[in-house]
Amino acid sequence: MAGSAPSLNEIQEAGQRFQPLWSARGMVASQEGRASEAGAAILRRGGNAVDAAVATAFALAVTLPQAGNLGGGGFLVLWLPGASPAAGRGCLGNAGSGGLGDGSWPAAAAAGASAPLHAAHVTHASKGEAPAGAPSAAPAPFRIGASPELTLGQGFAVAVNFRESAPAAARADLFRRADGRVDRQRATRSLESTAVPGSVAGLLLAQRCYGRLPLQAVMAPAIGLAEQGVPVDRELADSLTAALPLLAVDPTSRALFLRPVGQGGRPSKGLAASPGARTGANTEGMGTVARSPQAAPGSIAASQHPKGWAPQSAGGARSTAQLAPAATPSAPGAASPALRALHPGEILRQPLLASTLRRVARDGEAGFYRGPVADALVRLMRQRGGLIRQADLSAYRAELVRPIAGRFRGHVVLSMPPPGGGLTLLQLLGLIEPFDLQTSGAGSAATLHRLTEAMNLAYRDRNTWLGDPASMASPPPDLLAPAYLDQLRRSIDPARHRPAASLSVPPPPRRESVNTTHLSVADSSGGLAALTTTLNFAYGNGVSVPGAGFLLNNEMDDFTAAPGQPNGFGLLQGEANAIIPGRRPLSSMAPTLVFRPDHTPWLATGSPGGSRIITTVAQVLLQRMLWGANLATAVAAPRMHSQLWPDRLALEEGFSPDTRALLGRLGHSLQNAPAMGAANSVEVLAPQGSGSLGVADPRRGRTLAVGE
Ligand code: DON
């Protein structure tokens, strides 16, 4: 052959198949493009990572109705350079800032193992006691008055807990029927399934204590999107069609997201708003749609929804009473037309949501937790058997908490402490750390086997010990103690899967369900924000607040409705997560930040996916830290998941038949899983000032990373 093949450099081929987006300044990666744009616009206006994260989250409440929300809750973990402004803004009480070397960072962490654990808490603090029957005593339980902030590198980190809480009227046996079985319908589709929403309080607390811009500026993009409307794209149309039976039974959701068959039409050109389409205002609250006579496939008559979808009150009473006449197109009891979801290209306008957002921008928390929005929510609850009352709304507080911190291969990892999923994430990383997974390689049967066994142990402990630390009689044991992790790790057989039954108790069927949403932001000064928020299932319980334009969560299903019976994610949880008034349900959400060994900020990640969140985040980190994947490849790499019960190893597409066969021989029961998670992630390049990278997870169609 004449001449030699050009070197890689000459033809400039990339080393990896996936490439992140680069920005000279900051970056926003979220599950929906307009929301990412909203956050990036806030960065361009001089906002920091917190301003941008809050702007993106409010925008997602408009553009991603199945998961973005005002009626749900979530967690935020952030790091900002320099000194914290929070004390000067009255956010910390008397508490100062604590470093990695203080009481909340046991020596074990500094020695290299993943570590500590109990969130310092500004508003809740309880004395820790030695755990009974636990693997080892917790080294640093809650410290009264301790700061939620943690000094790290040239800045500080803090987390915001805005998880929903159980209303005062909730009881441990809320969802149990007379025969002791859990009533899945009431646990997930009734108004009793709604916990007190935390999103507005959390986003406002974060912005007030750590943002740089005025709240009005930060919320302006979301208000604009709700008011002017967004063109429905194919993924949203498909999602609404899938949720049609759920949304159709609620008059307010119906008016917001569905249309009578025969009203409106399919624009002929792509997903963008069709320029030629005629648009016009429908009944107020229904938005504005392009009109054509075509009917849609997948439609349903509202009066003919499948049995089992109708919301029921505790007493079995049902009401479709419309509380805010403006939000519904038809009087209760009127003949229901056949319904269809919005089509691609139609405009989803949400004027009622816009006015709720405007009220929040003007009045702060009071605009949501008191006044007309709160009144409408409580009226809905009273009329349809829900438990939330004004006192619950007035008592709700988002909290600043200390991120849970550990180390993995020299990197500092910060995540969300219980009720968030960060403790289980760190336990999993701690179990895995000494394994030579670099040699066994990503995706090999040997690696997947070890990961599975470690995941099962971590989920057993999660389900046995964890709940909301603010309402536990005694703190959980130190599940991250190095000696305990060593003991667990030694119990892993490299040649054989250990059946779930030999690790813990009862069996279970399992059901898939989605939606939560994660966004990550990097600003040009290295500030990082990882924010995960959820309604629990897609569209929560499907019920929207009349006159206020937002959907309600069904987060009460994340509590243990009855020990030994699975929740919507197949999790078999324990008494530590039983329903108690004021308690927040245990969550898998684990917004996570990673720092380089020199403590400079590195990456922000997190994911939706219910019980698969923790394992998704762990695999993004392993890909990036162990197997040399760049951020884009790390996010795109095929994922696996195991959670003890059901005793199955779930594999996405992308693992070889050989690997599957080997795993089968090790005793694993394999399950072909749909795509797991959506780990929209960002990375800050070193040295500081070289810009940032962003990756939108390719598993969802609307994700987008946008540079500042
Ligand atoms: O907090 C939790 O763990 C669940 N409510 C999260 C639900 C979820 O991620 C659904 N999305 N894909």
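An account of the accompanying structure is given in this report. Each chain has its residues counted from 1, running along the sequence as written. Since the coordinates come from a predicted model, pLDDT governs what is reported: local features require at least 70, and pairs of side-chain atoms require 80 or more to be given and counted, while whole-chain, interface and lining totals use all residues. Values reported for side chains reflect all heavy atoms of the structure, with hydrogen atoms and water molecules removed beforehand.

Some details on the packing of aromatic side chains
Stated formally: Two rings from Phe, Tyr or Trp (for Trp, the six-membered ring) form a pair when their centres sit within 6.5 Å of each other. Planes less than 30 degrees apart are called stacked, planes more than 60 degrees apart edge-to-face, and all others tilted. For the purposes of this entry, the term helix denotes a DSSP run of H or I that reaches at least four residues, the term strand denotes a run of E that reaches at least two, and both are numbered from the N terminus. For the exposure calls, accessible area comes from a 1.4 Å probe over protein chains only, and a residue counts as buried if that area is under 20% of its type's maximum, exposed if over 50%, partly exposed in between.
Within this structure, the stated rule accounts for seven aromatic pairs. Seen from their ring centres, Phe 156 and Tyr 210 are 5.6 Å apart, and the 35° between their planes marks the pair as tilted. Here Phe 156 is found in strand S6 (residues 155–162), whereas its partner Tyr 210 is found in helix H6 (residues 199–210), with 54 residues between them in sequence. For Tyr 210, a relative accessible area of 1% translates into the label buried.

Quick look at the sheet that holds strand S16 (residues 411–415)
For the record, the criterion: Strand pairing is assigned whenever DSSP identifies at least 2 bridges connecting the two strands. Axis lines are fitted through C-alpha atoms, for helices just across the contact stretch, and the angle between N-to-C directions can take any value from 0 to 180 degrees. The contact criterion used throughout is that any non-hydrogen atoms of two residues lie within 4.5 Å.
In spatial order, the strands read S1-S25-S24-S20-S19-S16-S15; together these seven strands make up an open sheet with antiparallel pairing. Here the strands that pair on one side only, and so sit at the sheet edges, are strand S1 (21–23) and strand S15 (404–408). Each neighbouring strand pair of the sheet contributes to a mean axis angle of 20°, computed without reference to strand direction. As defined by bridge partners, S15 adjoins S16 across five bridges and the pair is classed as antiparallel. Within the sheet, the bridge partner assigned to Phe 408 lies in S16 and is His 411. Contacts from helix H15 (residues 422–432) reach S15, S16 and strand S19 (592–595) within the one sheet, and its direction differs from that of S15 by about 20°.

As for the pattern of salt bridges
Side chains that carry opposite charge are capable of pairing whenever their charged atoms lie near each other. We apply this condition: The salt bridge criterion pairs a side-chain nitrogen of Lys or Arg with a carboxyl oxygen of Asp or Glu, the two atoms within 4 Å.
One pass over the full model with this rule turns up 24 salt bridges. Where Asp 179 meets Arg 177, a salt bridge forms, and the shortest distance between an N and an O atom there is 3.3 Å. The network of salt bridges with common partners includes Glu 32, Arg 34, Asp 233 and Arg 702.

A look at the packing of H15 against helix H19 (residues 613–625)
Rules: Note on angle classes: values under 35 degrees are labelled roughly parallel, values over 145 roughly antiparallel, values of 65 to 115 roughly perpendicular, and the remainder oblique. Here a crossing is called left-handed whenever its near helix is offset anticlockwise from the far helix by less than a right angle, and right-handed whenever the offset is clockwise.
Where H15 contacts H19, the axes come no closer than 9 Å and their chain directions differ by 45°. As the angle between them shows, H15 and H19 are arranged oblique. H15 and H19 meet at a crossing whose hand is right-handed. Contacts between H15 and H19 involve Thr 424, Leu 425, Leu 428, Leu 429 and Ile 432 from the former and Ile 614, Thr 615, Val 617, Ala 618, Leu 621 and Leu 622 from the latter.

Focus: the site of the ligand
Note the threshold: Residues are counted as near a molecule or strand when any one of their heavy atoms sits within 4 Å of it. Nitrogen and oxygen atoms within 3.5 Å of one another constitute a polar contact, given that in protein one can donate a hydrogen and the other can accept it, and given that sequence-neighbouring residues count only through two side-chain atoms. Under this grouping Gly is polar, as are all residues other than the nonpolar Ala, Val, Leu, Ile, Met, Phe, Trp, Tyr, Cys and Pro and the charged Asp, Glu, Lys and Arg.
Among the 16 residues in the neighbourhood of the ligand, the closest are listed as Thr 516, Glu 555, Asp 558, Ser 587 and Gly 610. Within the side chain of Asp 558, an N or O atom sits 2.5 Å from a nitrogen atom of the ligand. Residues that form the shell around the ligand fall into these classes: five nonpolar, eight polar and three charged.

Topic: the packing of helix H2 (residues 33–44) against helix H7 (residues 215–228)
At a minimum axis distance of 9 Å, the contact between H2 and H7 shows a crossing angle of 150°. In this view, H2 runs roughly antiparallel relative to H7, as classed from their interaxial angle. The two elements H2 and H7 cross, and the hand of that crossing is right-handed. Across from Arg 34, Ala 38 and Ile 42 in H2, the residues of H7 making contact are Ala 217, Val 218, Pro 221 and Leu 225. Classifying every residue of the contact of H2 with H7 by side-chain character gives six nonpolar, no polar and one charged.

Things to note about the state of the cysteines
How we decide: Any two cysteine sulfur atoms within 2.5 Å of one another count as a disulfide.
Counting across every chain of the model gives one disulfide. The disulfide partner of Cys 91 is Cys 209, and the gap between their sulfur atoms is 2.1 Å. Disulfide Cys 91-Cys 209: torsion about the S-S bond near -95°, hence left-handed. Pair noted here: Cys 91 is in the loop between strand S3 (73–81) and strand S4 (98–99) and Cys 209 is in helix H6, with a separation of 118 residues, a long-range link. A relative accessible area of 11% means that Cys 91 is categorised as buried.

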